Amino acid sequence: MTLRKWAFNLLEPSVSGSKAARTIELMLIVLIFLNIVAILLESIKEVNQEYGEFFASLETFSIIIFSIEYVLRLWTCVENPKYQKSMGRLRYAASGLALIDLFSILPFYFSFLPIDLRF
């Protein structure tokens, strides 16, 4: 088994059915949930004053994890028969879920802009 196929199987529990893939999926879901809770709590001035540094650290950690996941999915998508033909990675990158993933991490990387893109 190639490294790419192994990574694909870890990112796609519906394909591999492995316990490790389900664990990774669960960890990503928990991280998404934690970020939603953090965003809600961050909107409360008193809570943000007390835990703002923690929220910023959680955001940075999450962006790193989600960026790694996005790159790995882009790299491994050609293991899916749907994306094996020509321009498979481009077709994957233009898919709805891949665009949602991309748009969720891009604001962090464009933080130098004078507007807050995290909506």
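A brief structural summary. (Residues numbered from 1 in each chain as written. Predicted model: local features only at pLDDT ≥ 70, side-chain atom pairs only at ≥ 80, totals over all residues. Heavy atoms only, no water.)

1. Here we look at the side chain of S67
Next, step 1: In this fold, S67 is placed in helix α4 (residues 45-76).
Next, step 2: When near neighbours in sequence (up to four residues on either side) are disregarded, S67 contacts I105 and Y109. (Helix = DSSP H or I, 4+ residues; strand = E, 2+ residues; numbered from the N terminus. Contact = heavy atoms within 4.5 Å.)

2. With respect to a nonpolar patch on the surface
Next, step 1: On the surface, a cluster of nonpolar side chains totalling about 580 Å² of accessible area is made up of L26, V30, F33, L34, V37, L41 and I44.
Next, step 2: With respect to the secondary-structure elements, F33 resides in helix α3 (residues 19-42).
Next, step 3: For F33, a relative accessible area of 52% corresponds to the exposed category. (Patch = residues over 30% accessible without salt bridge, like charges linked within 9 Å, V, L, I, M, F, W, Y side chains within 5 Å. Areas by Shrake-Rupley, 256 points an atom, 1.4 Å probe, with all protein chains shown as cover. Salt bridge = Lys/Arg side-chain N within 4 Å of Asp/Glu carboxyl O. Buried < 20%, exposed > 50% of the residue type's maximum accessible area, 1.4 Å probe, protein only.)

3. Regarding unusual backbone geometry
Next, step 1: Despite not being glycine, M87 has its phi angle at roughly 60°, a positive value.
Next, step 2: The residue M87 is located in the loop between α4 and α5 (88-93) in this model.
Next, step 3: M87 sits in the exposed class, given a relative accessible area of 59%.

4. So, the packing of aromatic side chains
Centre distance and the angle of the planes are the two values used to describe a pair of aromatic rings.
Next, step 1: Tallied over the full model, the rule gives three aromatic pairs.
Next, step 2: With a centroid separation of 5.5 Å and 85° between ring planes, the pair formed by Y83 and Y92 is classed as edge-to-face. Take Y83 and Y92: they sit in the same class, and that class is buried. (Phe/Tyr/Trp six-rings, centres within 6.5 Å; stacked < 30°, edge-to-face > 60°.)

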